[in-house]
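Take a look at the letters that make up each chain.
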Amino acid sequence: MGIQRSSSSYSSALKWLGFVTAVWVQSISGNNYTFSNYSGALKSLMNLNQLQLNNLSVAKDVGKAFGILAGLASDRLSTPVILLIGCFEGLLGYGVQWLVVSRTITPLPYWQMCVFLCMGGNSTTWMNTAVLVTCIRNFRRNRGPVAGILKGYVGLSTAIFTDLCTALFSNDPASFLVLLAVVPFAVCLTAVFFLREIPPSSSADEESEETRYFAVFNIVAVVVAVYLQSYDLIGVKTGVFSVVFASILLFLLFSPIAIPFHAFIKSLNRGEQDVEGQIQEPLLSSDIFEEKEVIAVAAAAAVEEENLGAERKRPVLGEDHTIMEAVLTVDFWVLFVSFLCGVGTGLAVMNNMGQIGLALGYTDVSIFVSMTSIWGFFGRILSGTLSEHFLKKAGTPRPLWNAASQILMAVGYLLMALAVPNSLYIGSMVVGVCYGVRLAITVPTASELFGLKYYGLIYNILVLNLPLGSFLFSGLLAGFLYDAEATPTPGGGNTCVGAHCYRLIFLVMALASVIGVGLDILLAYRTKEIYAKIHASKQVKKASSNLS
C-alpha cells in the first residue's frame, strides 16, 4: 500500500510539475510577436523600405507554416525531443539576428536574413506543439482553462521580454535579441526533464482538484499581468528600481512551483490508489488513452449501427479525425477562414506597431508592444475560463466567443482609422484582447470538433493562418499601402507621418473582422448539437459525483 501511495503521489506531482514547466516555456515562446522591438534597427542597418521590412516579418511568420513538421513529428517523437528541436533552432535563428544587430558581423544578404527569421519563427511551433498537446491530454476535462492559461502566458511573454530588456538593458535591440536567443533555450532544457504525458484525472474529485489548482494559476497570471502593466505606466525605469522590478517579476514567474509540492503532500496524506506511471510513448499516441466523453461514445455507436460489417464511414464531429478527414469537412474551413480574419489582422498590427506609433507621432512605441501583449493575456485567460464555465453551465458553443471578439476587433480598427485621441492606446488593448481570445478559443474548439488523436497536426494546419495572414495583411496590404503614402528618404528607405498612413489599412481589416463574425456565428450554429452533448456529458458526470 505504501508503494501504491508513493506511485500515485509521484504521478500527481509530476503532472503538475510538467504543467509548471509548460507555463515557463509559454512565458518565453511569444518571441515571434516581438519583431517591432528591433525592426527599426534592421530597417536602418539594411536600408529597407516598409514593404521590404514587412516581408521580413512575413518570413518570420512563414516559419510557423513549417509547424506542420512539428505536428508530423509529434506522432513519432517524444515531448523532450520536440522541445530540444525547438530550443536549438531558436538559438540559431535569433543568435544570427543578434550578430547582425549588434554589428558583430556585417548585415547578411536579404534572403539569408529571411531564412534566419523563418527559423526563429518556426522554433516556437515545436515548443507550442509539445506543450499544448501534452497538457491538453493530461488535463483533457479542463481544456478551456489549460488553453487559456498556456496561451495567456504566450501573450504575456512579449511584455515579459520587452519590460525585462527595458529594465536591464535600456531597451537596446541587440540585448533584446540576446534574451530571445538564450532564455528560451535555457527554459526548454529545464522542461525536457519534467514535461511528460501522465494519465488524466479519472474521478470527479480529481477533476475538482484540478479546477482549484487552475484557479491558482489564473490568479498568479493576473498578478503578473497587472504587475507588468503597472511597470509600463510608471515613468521610473532605471537604476535600482529596474533591478527590483526584474527580481520581483522572476519571483512571480517562479512561484507556481509551489503547486506540485502541495499536490505531492496532499496526495500522500490522502493515500490515493495507485495509478499508472509516466508514459514514454510518442507525444500523440492515443492507443493508451481513449476519450470517454458521451459525445464520442454516442457517435461511435451510431456509426456501428449503420455500418455493421460494412466499410467505415467518415467520422462525425467529436470523433477523432485524420487530417484528410478534417479538411474535407465544411466546419474545418469555416474555422480556418474565421481564424484567418482574426489572427491575420491582429498579427499585422503587431508586426507594424513600431511604424504605426511613429506615424502617429510617438517616439517610444515599446509601451504599445507591451500593452498589446498584456491585454492579449487577459483575452486568452478570461476566454478560456469563461468559455469552459458557460459550456458546463449552458452548453454555449465556443465559436460564439470568437464572434464577440471579432465585433470588438472591428470597432478597434475603426477607432484607429479615425485616429481619435489616444486611439493607439485603445487599439492596442482591443487588438490584444481579441487576438488572445481567438488563440485561446480555437485551441480547445479544434480538439472538441476533430478529436485528440491527430490534434498536433490539425493544430499546426490551423496555425498556417499566421504566416498566411501575415503575408496578406502585413506583407501585401500594409506594405503596399504604407509605401504608397510614404516619402522616400536618403539611403533607400522611406517614412510616413500622419493618420493617413494606415487609415485605409485599418478600414480593410475592419471589414475582414466583420466577415469573421459571420463565419463564427455560422460555425456556432453548425456545432450547437455537439456542444449540447458535451454539456450533457458534463452534467451526467456531475450528477453521478453528487450521488456518490
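The structure this text deals with has already been given above.
Residues numbered from 1 in each chain as written. Predicted model: local features only at pLDDT ≥ 70, side-chain atom pairs only at ≥ 80, totals over all residues. Heavy atoms only, no water.

Student: Help me understand helix H14 (residues 330-359) in this model?
Tutor: Helical geometry note: an α-helix holds 3.6 residues per turn, so side chains three or four residues apart project in the same direction. With 30 residues, H14 ought to run about 44 Å at 1.5 Å a step, and its terminal C-alpha atoms sit 41 Å apart, in line with that. Across the 30 residues that make up H14, a large majority, 26, are buried. Of the residues flanking the end of H14, it is glycine 361, one or two places downstream, whose phi is positive at about 95°. (Helix = DSSP H or I, 4+ residues; strand = E, 2+ residues; numbered from the N terminus. Expected span 1.5 Å × (residues − 1). Buried < 20%, exposed > 50% of the residue type's maximum accessible area, 1.4 Å probe, protein only.)

Student: What's the story with the packing of helix H2 (residues 36-46) against helix H8 (residues 173-191) in this structure? I'm lost.
Tutor: Between two packed helices, the angle of one axis relative to the other and the distance separating the axes together describe the packing. Axis separation between H2 and H8 bottoms out at 9 Å; the angle between their running directions is 125°. The orientation of H2 relative to H8 falls into the category oblique. Crossing geometry of H2 relative to H8 is assigned as left-handed. Judged by residue contacts, Asn37, Tyr38 and Ala41 of H2 engage Pro173, Phe176, Leu177 and Leu180 from H8. Residue composition of the contact of H2 with H8, grouped by class: six nonpolar, one polar and no charged. (Axes fitted to C-alpha atoms, helices over the stretch in contact; angles between N-to-C directions. Parallel < 35°, antiparallel > 145°, perpendicular 65-115°, else oblique. Left-handed = near helix turned anticlockwise from the far one by under 90°. Contact = heavy atoms within 4.5 Å. Nonpolar A, V, L, I, M, F, W, Y, C, P; charged D, E, K, R; others polar.)

Student: I would appreciate a short explanation of the environment of serine 338 in the present structure.
Tutor: The residue serine 338 is located in helix H14 in this model. Looking at serine 338, the relative accessible area reads 0%, which means it is buried. Separated by 174 residues in the primary sequence, serine 338 and alanine 512 place their C-alpha atoms 9.2 Å from one another. Apart from residues no more than four positions distant in its own chain, serine 338 is found in contact with Gln406, Arg438, Gly516, Leu519 and Asp520. Reaching out from serine 338, the side chain makes a polar contact with the side chain of arginine 438 at a distance of 3.2 Å. (Polar contact = N/O pair within 3.5 Å; in protein donor to acceptor, adjacent residues only side chain to side chain.)

Student: Would you take a moment to explain the packing of H14 against helix H20 (residues 503-526) for this structure?
Tutor: Contact geometry for H14 and H20: axes closest at 9 Å, N-to-C directions at 150°. On the basis of their axis angle, the class for H14 and H20 is roughly antiparallel. In this structure, H14 crosses over H20, and the sense of that crossing is left-handed. Along the contact surface, H14 presents Val330, Asp331, Val334, Leu335, Val337, Ser338, Cys341, Thr345, Ala348, Val349 and Ile356, while H20 presents Phe506, Met509, Ala512, Ser513, Ile515, Gly516, Leu519, Asp520, Leu522, Leu523 and Arg526. Tallied by class, residues from the contact of H14 with H20 come to 15 nonpolar, four polar and three charged.

Student: Explain the packing of aromatic side chains here, please?
Tutor: Any pair of aromatic rings gets described here by the distance separating the centres and the angle formed by the planes. Going through the model one piece at a time under the given rule, you end up with 29 aromatic pairs. With 6.1 Å between their ring centres and 85° between their planes, tryptophan 16 and phenylalanine 19 make a pair best called edge-to-face. Taken together, the residues tryptophan 16 and phenylalanine 19, both in helix H1 (residues 2-28) and three residues apart, mark about one turn of the helix. The pair tryptophan 16 / phenylalanine 19 is uniform in exposure class, with both members buried. When the centroid spacing of 5.1 Å and the interplanar angle of 80° are considered together, the rings of phenylalanine 88 and phenylalanine 185 count as edge-to-face. Placement of phenylalanine 88 in helix H5 (residues 79-101) and of phenylalanine 185 in helix H8 is noted, with a sequence separation of 97 residues between them. Since its relative accessible area comes to 18%, phenylalanine 185 is described here as buried. One aromatic cluster is present, built from ring pairs that chain together Trp16, Phe19, Phe139, Tyr213, Phe214 and Phe217. (Phe/Tyr/Trp six-rings, centres within 6.5 Å; stacked < 30°, edge-to-face > 60°.)

Student: What is the right way to read the side chain of histidine 321 from this model?
Tutor: Take histidine 321: it is sitting in the loop between helix H12 (294-306) and helix H13 (323-327). On the accessibility criterion, histidine 321 (1% relative accessible area) is buried. One polar contact links the side chain of histidine 321 to the main-chain carbonyl oxygen of proline 315, over a distance of 3.4 Å. Side-chain polar atoms of histidine 321 contact the backbone oxygen of glutamate 319, separated by 2.8 Å. Not counting residues up to four positions away in its chain, the partners in contact with histidine 321 are Pro315, Val316, Ala326, Thr329, Leu449, Phe450, Tyr454 and Ile458.

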